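# Observations on the three-dimensional arrangement
Now for the letters of each chain:
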Amino acid sequence: MSLRNHQSLKANMTGYAFISPFIVGFLAFTLIPMFISLYLSFTTYNLFTPPKWIGLGNFEKMFTGDPKYWNSIRVTFTYVLVGVPLRLIFALFVAMILNTKSRMVGTYRTMYYLPSIIGGSVAVSIMWRNIFSNNGIVNSLLSTLGATPVKWFGDPDASLTMLITLSVWQFGSSMLIFLAGLKNIPVELYEASSVDGAKPVRKFFSITLPLLSPIILFNLIMQTISAFMTFVPAYVISKGEGGPMDGTMLHSLYLFRQAFMFSNMGYAAAMAWVMLIMIGILTAILFITSRYWVFYETEKGC
Amino acid sequence: MAWKTVKWPIYHILVAALALLMLYPVFWMLFSSFKESRTIFVTASSLFPTEWIWQNYVTGWKGTTGYNFGTYILNSLTIVVISTIGAVLSSSLIAFGFARLKFKGRNLWFALMMVTLMLPGDVVLVPQYIIFTKLGWINTILPLVVPSFFGMPFFIFLMVQFIRTIPGELDEAATIDGCGKFRLYFRIILPLLKSSLATAAIFSFYWKWEDLLGPVLYLNSPEKYTVSIALKMFLDSESASNWGGMFAMSILSLLPVIAVFFAFQKQIVEGMSTSGLKG
């Protein structure tokens, strides 16, 4: 073996030695589990008797014989398609009002971000449950305003609304990313457009939004994926039942119930794969359409 | 002219008011933890308790499953500490490999890592559970800590980005001085990586402390429960209208989270604006 070959072999071995924990972990906790999950999705399996091959049976049941599954898809899509845009609009709004030169901005940033940092905890879900209880603060506020109090736990739509408000309340991380993006927009652009007589609304649509569009895309994708996976609030708020009338039965919760309450491991695996494909398609659509609405400065050509 | 002088006060009043509105639920929970259980909902609209009841913290501490919160806090801390050490060490090692070493297939593995970063966890939930069951790891903390020792994609990515900003001349100088790759990692890069390591440690702490699904799946005897499960048990025990105790322990469970947030806010907020994963 020549010296050069020997050296490159050694370099390769060193490289692989350093990343070997990742490779082992990737195989053990991601790749092999994915193959197992794919196999299980074509079987019925309850953990105690060997998996039984049923071909496309799980998928057939999912699409034709399980209204609860369709309901969980509907609830999840409503949660994602309503919650994510609301959360991002609110995040952008707050980022814009915080994008000023004021000594207080750091404090405000902290205050607005705090809900997001505690948001994943059981404590916050418990609190949310109680804020919206029949005689909780939200209902007393509604009656003070002269509106009729809502039975948040009696009506599936109301309980989903409650979950969505919780997700919007945790807008902090998107807000910080927007804020970083806003700081990168050159002030000269706004000044120049002021000279041209542009009004604030015009500036927002002609300068802010286009220059922020790559960050909007990033936030949109990250938030969509994590919203699809929401589990803890639905689990805690509905005490693990997904009620009332499956109104908070998010996909992750239904999958959890199928797998670990009813021991339908194969069915749950099939559900996970369909969800993975749906998220993949949605992400692909976002990427493809982004060509028409995401503006990259390098393409400006002026 | 008049608008110029009132503009800033109005701005601050509105922004601060909105901020307080955002934080109101947290304050509501805090003050409810000092109200008498029976009065929490009757007086839901008034923030402050008429009488401050410290007793809630005593009754809440006892928990609902025969073990007190001391046990749960200890259990949570054990999991958090072990998995954070594992995640930070392994991720920095892997990140060094990706950022500083040239080897065949590096780009492929890096791409796989980035895909893993975006992969929804539900796909591997069932098979992982089956694997851990077969290994006999149920009702131990192993499923909750062992995977951390194989690197967390988010932290690896964060550290790779950071290591790339460290000048390569340092490596060359160290190599000329006869420093091997491992020494280079351990003696030169790791100390420079301090702020990234801290960011990763903080986020690891948050995720593990707040994790509910993992403990629910893998821990089934009450003496092994974490704080998250213990809080959830309050809701399950139908008999208990011990709202005060539940709020008290909710506040207690948030204290470390909030303390870490205020101690490291600059680091957290910056780590967030440049990466954007949490929440």
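Being a predicted model, the structure only gives us computed values, none of them experimental.

## Looking at the overall build of chain A
- The helix and strand tally for chain A stands at 13 helices and two strands.
- Against the globule reference of 19 Å for 302 residues, chain A gives a C-alpha radius of gyration of 24 Å, more extended than a compact globule.
- Projected onto the principal axes, the alpha-carbon positions of chain A cover approximately 80 × 75 × 35 Å.
- Across the 302 residues of chain A, 52% fall into the buried class.
- Sequence separation of at least 24 residues holds for 68% of the intrachain contacts in chain A that already meet a minimum separation of 6.
- Side-chain charges of chain A comprise 20 positive and 11 negative groups, with the mean position of each set lying 8 Å from the other.

## Quick look at the interface of chain A and chain B
- Taken together, the 89 residues of chain A in the interface contact 87 residues of chain B.
- Taking both sides of the interface into account, the surface hidden between chain A and chain B amounts to around 7800 Å²; carbon and sulfur atoms contribute 78%.
- The largest per-residue losses of area from chain A upon contact with chain B belong to Phe18(A), Phe22(A) and Phe29(A), which jointly make up 10% of the total buried on that side.
- For the pair chain A and chain B, the number of links is 14 residue pairs in polar contact (both at pLDDT 80 or more).
- Looking at which element gives the most residues to the side of chain A that touches chain B, the answer is helix H1 (residues 3-40) of chain A, with 21 residues.

## Quick notes on the UniProt feature "transmembrane region" (unreviewed entry) in chain B
All names here are of chain B.
- With numbering matched to this structure, UniProt assigns "transmembrane region" (unreviewed entry) to residues 12-31, 72-96, 108-131, 137-163, 184-207 and 243-264.
- The straight-line gap between the two end C-alpha atoms of residues 72-96 is 36 Å; of that span, 100% is helix and 0% is strand.
- End C-alpha atoms of residues 108-131 are separated by 27 Å, and the span's content is 88% helix alongside 0% strand.

## Side note on the packing of helix H13 (residues 265-293) of chain A against helix H5 (residues 122-134) of chain B
- Interaxial distance between H13(A) and H5(B) falls to 8 Å at its minimum, and their mutual angle equals 155 degrees. The pairing of H13(A) with H5(B) is recorded here as roughly antiparallel in orientation. Along this stretch, H13(A) crosses H5(B), giving a crossing that reads as left-handed. Along its contact with H13(A), which presents Met265(A), Ala268(A), Ala272(A), Trp273(A) and Leu276(A), the element H5(B) presents Asp122(B), Val123(B), Val126(B) and Tyr129(B).
- Broken down by class, the residue content of the contact of H13(A) with H5(B) amounts to eight nonpolar, no polar and one charged.

## Focus on helix H13 (residues 243-263) of chain B
- Between the first and last C-alpha of H13(B) there are 30 Å, a value that for 21 residues agrees with the 30 Å anticipated at 1.5 Å per step.
- Roughly 35 degrees is the biggest bend found in H13(B), and it falls at Leu255(B), with proline Pro256(B) one to four residues downstream.

## Let's talk about the packing of helix H3 (residues 67-98) of chain A against helix H10 (residues 200-228) of chain A
Residue and element names in this part refer to chain A.
- In contact at an axis separation of 10 Å, H3 and H10 are set at 140 degrees when each is read in the N-to-C sense. With respect to H10, the element H3 is oriented oblique. Crossing of H3 against H10: the hand is right-handed. Counting all contacts with H3, which are made through Thr76, Phe77, Tyr79, Val80, Val84, Arg87, Leu88, Leu92 and Met96, the residues of H10 involved are Phe204, Leu209, Leu212, Asn219, Leu220, Gln223, Thr224, Ala227 and Phe228.
- Among the residues making up the contact of H3 with H10, the classes are represented as 13 nonpolar, four polar and one charged.

## Some words on helix H9 (residues 181-192) of chain B
Residue and element names in this part refer to chain B.
- Here H9 spans 16 Å end to end across twelve residues, near enough to the 16 Å set by a 1.5 Å rise per residue.
- Listed in full, the buried residues belonging to H9 are Leu184, Tyr185, Ile189 and Leu190. Seen along its axis, H9 keeps its buried residues to an arc of 145 degrees; they face one direction.

## Some words on unusual backbone geometry
Residue and element names in this part refer to chain A.
- With a phi angle near 85 degrees, Leu47 is a residue other than glycine that sits in the positive phi range.
- The backbone phi angle of Lys239 is positive, close to 55 degrees, even though this residue is not glycine.
- Topologically, Lys239 is positioned in the loop between helix H11 (232-237) and helix H12 (251-261).
- Note on Lys239: relative accessible area 25%, which makes it partly exposed.

Rules behind the numbers
- Within each chain, residues carry numbers counting from 1 in the order of the written sequence.
- A letter from A marks each chain and a number from 1 marks each ligand, given out in the order of writing.
- The predicted nature of this model means local features are confined to residues of pLDDT at least 70 and side-chain atom pairs, given and counted, to a pLDDT of 80 or more, with totals for whole chains, interfaces and linings taken over all residues.
- Side-chain measures here rest on the full set of heavy atoms in the structure, leaving out hydrogens and waters.
- Per the convention used, a helix needs a DSSP run of H or I reaching at least four residues, while a strand needs a run of E reaching at least two, with both numbered from the N terminus.
- Values of the radius of gyration come from C-alpha atoms, whereas the globule rule sets the reference at 2.2 Å times the count of residues to the power 0.38.
- Accessibility here uses a 1.4 Å probe with only protein chains present; expressed as a share of the type maximum, an area under 20% marks a residue as buried, one over 50% as exposed, and anything in between as partly exposed.
- The criterion used for residue contact is that any of the two residues' heavy atoms lie within 4.5 Å.
- We treat Lys and Arg as the positive residues and Asp and Glu as the negative residues; His and chain ends play no part in the count.
- To locate a charge, take NZ of a lysine, CZ of an arginine, CG of an aspartate or CD of a glutamate.
- Buried area, as used here, totals the accessible surface that two parts lose on assembly, with accessibility defined by a 1.4 Å probe and the loss added over both.
- Think of a polar contact as two N or O atoms within 3.5 Å of one another; within protein, one of them needs to be a possible hydrogen donor and the other a possible acceptor, and neighboring residues in sequence only count if both atoms come from side chains.
- UniProt positions are given in the numbering used here, feature names are shortened, and annotations may be inferred rather than shown by experiment.
- Axis lines are fitted to C-alpha atoms, over the contacting stretch for helices. Their N-to-C directions set the angle, which ranges from 0 to 180 degrees.
- Every angle not falling under 35 degrees, over 145, or within 65 to 115 is termed oblique; those three ranges are roughly parallel, roughly antiparallel and roughly perpendicular.
- In a left-handed crossing the near helix is turned counterclockwise from the far helix by less than a right angle, and in a right-handed crossing that turn is clockwise.
- Classification used: nonpolar for Ala, Val, Leu, Ile, Met, Phe, Trp, Tyr, Cys and Pro, charged for Asp, Glu, Lys and Arg, polar for all others including Gly.
- Here a helix's expected span is defined as the number of its residues, less one, multiplied by 1.5 Å.
- What the bend at a residue measures is the angle between two axes, fitted to the seven residues ending there and to the seven starting there.
- The directions from the helix axis to the C-beta atoms are what the arc is built from.

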